[in-house]
Amino acid sequence: MAEKERKQRLFEIYNKIDPKANLVQLGTGRKFKKSDILLADRKLMFEGKATLQQARNRTQEVNVIVLSDILFFLHENNQKFYFCSPDILGTVIQN
């Protein structure tokens, strides 16, 4: 049952992401788009909240999403998710 719930939650996250949201993937330099989340039979492993420490001691509340092979951060604004990144890293980290 937990597997089905995680799959359902992944679709909920996917549907809340802004369609135009994309960022460059760390290491490969290729764009990571909303549609990439559902590729390669990825599974939701963890979802949680975190605070990112940005430049000049600015903090940002984010959602941490860990799929079976990637990790990324989402910022919520007006009930939509947008990819965000720490100042020193790319947004999507792939194993």
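Data block above holds the structure.
Residues numbered from 1 in each chain as written. Predicted model: local features only at pLDDT ≥ 70, side-chain atom pairs only at ≥ 80, totals over all residues. Heavy atoms only, no water.

The next thing to look at is the pattern of salt bridges. Using the criterion set out here, one finds six salt bridges in the structure. Between Glu12 and Arg9 there is a salt bridge, with its nearest N and O atoms 3.1 Å apart. Within this pair, Glu12 and its partner Arg9 are both found in helix H1 (residues 2-16), separated by three residues, close to a single helical turn. For Glu12, a relative accessible area of 36% gives the class partly exposed. Between Asp69 and Arg42 there is a salt bridge, with the nearest N and O atoms lying 2.8 Å from each other. Of the two residues, Asp69 is situated in the loop between strand S4 (59-67) and strand S5 (70-77) and Arg42 in the loop between strand S2 (31-33) and strand S3 (44-53); the sequence distance between them amounts to 27 residues. (Salt bridge = Lys/Arg side-chain N within 4 Å of Asp/Glu carboxyl O. Helix = DSSP H or I, 4+ residues; strand = E, 2+ residues; numbered from the N terminus. Buried < 20%, exposed > 50% of the residue type's maximum accessible area, 1.4 Å probe, protein only.)

Turning our eyes to something else, we now look at the packing of aromatic side chains. In the structure shown here, the tally under the stated rule is three aromatic pairs. Judged by centre distance (5.9 Å) and plane angle (45°), the rings of Phe32 and Phe72 are tilted. Taken together, the residues span a long stretch of sequence, with Phe32 in strand S2 and Phe72 in strand S5 at a distance of 40 residues. The residues Phe32 and Phe72 share a single accessibility class, namely buried. With a centroid separation of 5.7 Å and an interplanar angle of 70°, the aromatic rings of Phe72 and Phe83 are classed as edge-to-face. With Phe72 in strand S5 and Phe83 in strand S6 (residues 80-84), this residue pair connects regions lying 11 residues apart in the sequence. (Phe/Tyr/Trp six-rings, centres within 6.5 Å; stacked < 30°, edge-to-face > 60°.)

Quick look at the nonpolar core now. Ranked by internal contacts, the top residues of the largest apolar core, which has 15 residues, are Ile17, Ile37, Ile65, Leu67, Phe72, Leu74 and Phe83. Elements with a contribution of two residues or more to this core: H1, S4, S5 and S6. Listed in part, the five residues of the second largest apolar core include Leu52, Val62, Val64 and Phe73. (Core = buried A, V, L, I, M, F, W, Y, C linked by side-chain atoms within 4.5 Å.)

It is worth spelling out the pairing of S5 at this point. One ladder, built from four bridges, connects S4 with S5; its direction is antiparallel. From the neighbouring strand, Val64 faces S5, where its bridge partner is Phe73. With five bridges connecting them, S5 and S6 associate as antiparallel partners. What sits directly across from Phe73, in S6, is Cys84. Linking two consecutive strands that pair antiparallel, namely S5 and S6, is a turn of two residues; a positive phi of about 55° is found at Asn78 within it. (Pairing = 2+ DSSP bridges.)

The next subject is the environment of Lys34. One can find Lys34 in the loop between S2 and S3. Between the alpha carbons of Lys34 and Tyr82 there is a distance of 9.5 Å; along the sequence they are 48 residues apart. Apart from residues lying up to four places away in sequence, Lys34 is in contact with Tyr14, Asn15, Ile17, Asp18, Pro19, Ala21 and Phe83. Polar contacts involving the side chain of Lys34 include one to the main-chain carbonyl oxygen of Ile17, which spans 3.2 Å. (Contact = heavy atoms within 4.5 Å. Polar contact = N/O pair within 3.5 Å; in protein donor to acceptor, adjacent residues only side chain to side chain.)

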